Amino acid sequence: MPKATVFAAELAWPDYDARVRDGAVPILLPIGSMEQHGHHMPMHVDVLLPVEFARRVAEQTGALVAPPFTYGYKSHQKSGGGNHLPGTTSLDGATLVAALRDVIKEFARHGVRRICLLNGHFENSWFIVEGIDLALRELRWDGIGDMKVVVLSYWDFVDPATIDRLYPDGFTGWALEHGGVLETSLMLALHPHLVELERAIDHPPAVFPPYDVYPPRSDWTPPSGTLSSPRQASKEKGEILLDVCTGGIVQALRTEFPAAVQT
């Protein structure tokens, strides 16, 4: 017998309805972006990674994975290189907030009462919170007060001991990891056919002043588009990250959705 799918959109509607109508099954919603990731990786890294984490988590928890958000908020120069770079295709904050609000409310209409928003693009963070806040407020107006939403970003589960293993020469911080060791290692472990490490540009970590300028000054961003070198990335590091982050997310859901998540 074929293994049951964890992707909600692959189900026929009666099968989906039977799974979610009583509110017991959590929905995992990956949120990414279309953003340049240097010369060596494709522009949908921020979609591929949260989708794969969601898939792995769903297999361990009984959750369903919703179709991802493939566009996100504008790339910030100090964490994503900047929205001025070719290929990066972004939404206004109000657009992302409104879309998230609508999707959360639609899942609530189906009967869903537990949602986890799994972020793969740093700049989405505050707009995710706003979308949730508006959705919960409007659901309360409709008499639905038992919806619970968890928000997480997979990199937040990388503990100090793992950081020491991945970055023996020192860690420059998550903000400068755009297109660097973390994302490149995960892609080498999951989608090696999409990584051309020989095209990666080795350069020191980007250095920014303690303020922002708009319009962005393109000379602040390294020409590669990455903010640190991916040269020390490896499949082995990617496997470590997959284990650590997946385990952390599973534990988070078991903590927050104890009655709904398989053990």
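Refer to the structure printed above.
Analysis parameters
By convention here, each chain's residues receive numbers from 1 onward along its written sequence. Per-residue local features are limited, in this predicted model, to residues with pLDDT of at least 70; the limit for side-chain atom pairs, both in listing and counting, is 80 or more; totals at the level of whole chains, interfaces and linings are taken over all residues. Each side-chain value is derived from all of the structure's non-hydrogen atoms; neither hydrogens nor water enter the calculation. A run of H or I in DSSP counts as a helix once it spans at least four residues, and a run of E counts as a strand once it spans at least two, with each numbered from the N terminus. In this setup the radius of gyration rests on C-alpha atoms only. A globule is expected at 2.2 Å times the number of residues raised to 0.38. Throughout this description, buried means an accessible area under 20% of the type-specific maximum (1.4 Å probe, protein chains only), exposed means over 50%, and partly exposed covers the range between. Note on definitions: a residue-residue contact is assigned when non-hydrogen atoms from the two residues lie within 4.5 Å. Accessible surface is estimated by sampling points in the Shrake-Rupley manner with a 1.4 Å probe; for residues, cover comes only from the protein chains shown. The charged-residue count follows a simple rule in which Lys and Arg add positive charge and Asp and Glu add negative charge, with His and chain termini not counted at all. By convention, the charge on Lys lies at NZ, on Arg at CZ, on Asp at CG and on Glu at CD. To form a nonpolar core, buried Ala, Val, Leu, Ile, Met, Phe, Trp, Tyr and Cys residues must be joined to one another through side-chain atoms within 4.5 Å. Throughout, an axis means a line fitted to C-alpha atoms (over the contacting stretch in the case of helices), and angles, computed between N-to-C directions, take values from 0 to 180 degrees. Any angle from 65 to 115 degrees is called roughly perpendicular, while one under 35 is roughly parallel, one over 145 is roughly antiparallel, and all others are oblique. Take the far helix as the reference: if the near one is turned anticlockwise from it by less than a right angle, the crossing is left-handed, and if turned clockwise, right-handed. Each residue is assigned to one class: nonpolar for Ala, Val, Leu, Ile, Met, Phe, Trp, Tyr, Cys and Pro, charged for Asp, Glu, Lys and Arg, and polar for all the others, Gly among them. Each reported salt bridge corresponds to a side-chain nitrogen of Lys or Arg within 4 Å of a carboxyl oxygen of Asp or Glu. Two cysteine sulfur atoms form a disulfide, by the criterion used here, when they sit within 2.5 Å. Centres within 6.5 Å make a pair out of two Phe, Tyr or Trp rings, where for Trp the six-membered ring is used; the pair is then stacked when the planes are under 30 degrees apart, edge-to-face when over 60, and tilted otherwise. What makes two strands pair is DSSP finding at least two bridges between them.

Caption draft 1: Geometry of the overall build of the chain. Scanning the chain for helices and strands turns up eight helices and four strands. Starting at the N terminus, the α and β elements of the chain follow one another as α-β-α-β-α-α-β-α-β-α-α-α. Against the 2.2 N^0.38 benchmark of 18 Å for 263 residues, the chain shows a C-alpha radius of gyration of 19 Å, consistent with a compact globule. Seen through its C-alpha atoms, the chain measures out along the principal axes to roughly 55 × 45 × 30 Å. Burial statistics for the chain: of 263 residues in total, 52% are counted as buried. A separation of at least 24 residues holds for 78% of the contacts in the chain among residues at least 6 apart in sequence. For the chain, the accessible area works out to roughly 12,400 Å², and carbon and sulfur atoms hold 56% of it. For the chain, the distance from the average position of its 22 positive side-chain charges to the average position of its 32 negative side-chain charges is 4 Å.

Caption draft 2: Here's a closer look at the nonpolar core. By size, the foremost hydrophobic cluster in this structure holds 40 residues, and its most contacted members are Leu28, Phe53, Tyr154 and Leu186. Of all the secondary structure elements, the ones that give two or more residues to this core are helix H2 (45-61), strand E3 (114-119), strand E4 (148-153), helix H6 (160-166), helix H7 (181-190) and helix H8 (235-256). If sequence neighbours within four positions are ignored, Leu186 has contacts with Leu49, Phe53, Tyr154, Gly238, Leu241 and Leu242. The next biggest cluster of nonpolar side chains, apart from the first, holds 25 residues, and it includes Ala8, Leu29, Ile31 and Met147.

Caption draft 3: Quick look at the packing of H2 against H7. With their axes 11 Å apart at the nearest point, H2 and H7 run at an angle of 60° to one another. One way to sum up the angle between H2 and H7 is to call them oblique. The crossing of H2 and H7 is left-handed. The segment H2 lies against H7, with Val45, Asp46, Leu48, Leu49, Glu52, Phe53 and Arg56 engaging Glu183, Leu186, Met187 and Leu190. Grouping the constituent residues of the contact of H2 with H7 by class yields seven nonpolar, no polar and four charged.

Caption draft 4: Inspection of the pattern of salt bridges at higher detail. Going through the model one piece at a time under the given rule, you end up with 14 salt bridges. In this structure, the salt-bridge partner of Asp212 is Lys78, at a minimum N-O distance of 3.4 Å. Separated by 134 residues along the polypeptide, Asp212 in the loop between H7 and H8 and Lys78 in helix H3 (residues 77-80) bring together distant segments of the chain. A relative accessible area of 39% means that Asp212 is categorised as partly exposed. When its relative accessible area of 19% is taken as the criterion, Lys78 is described as buried. Where salt bridges share partners, they join Glu52, Arg55, Arg56 and Glu59 into one cluster.

Caption draft 5: Expanded view of the state of the cysteines. One pass over the full model with this rule turns up zero disulfides. Of the cysteine sulfurs around Cys116, a residue in no disulfide, the closest is that of Cys245, at 13 Å.

Caption draft 6: Seen up close, unusual backbone geometry. Residues Tyr214 and Pro215 are joined by a peptide bond in cis, for which omega reads -5°. Among the secondary structure elements, Pro215 is positioned in the loop between H7 and H8.

Caption draft 7: Local environment of the packing of aromatic side chains. In this structure the tally under the stated criterion is six aromatic pairs. Ring geometry for Phe171 versus Trp174: centroids 4.7 Å apart, planes at 70°, classification edge-to-face. Judged by its relative accessible area of 28%, Phe171 is partly exposed.

Caption draft 8: Expanded view of the packing of H7 against H8. Contact pair H7 / H8: the axes reach a minimum separation of 7 Å and the direction vectors enclose 95°. It follows from the interaxial angle that H7 and H8 lie roughly perpendicular. In this structure, H7 contributes Val181, Leu182, Ser185, Leu186, Leu188, Ala189 and Leu190 to the contact, and H8 contributes Lys235, Lys237, Gly238, Glu239, Leu241 and Leu242.

Caption draft 9: Seen up close, the sheet that holds strand E2 (residues 64-65). Pairing within the open sheet is parallel, and its four strands lie in the order E2-E1-E3-E4. Looking at the sheet topology across the chains shown, the edges are occupied by E2 and E4. Two strands pair when backbone bridges link them, and strand E1 (residues 27-31) and E2 are joined in this way by two bridges, in the parallel orientation. Residue Leu28 lies in a different strand from E2, and its bridge partner there is Val65.

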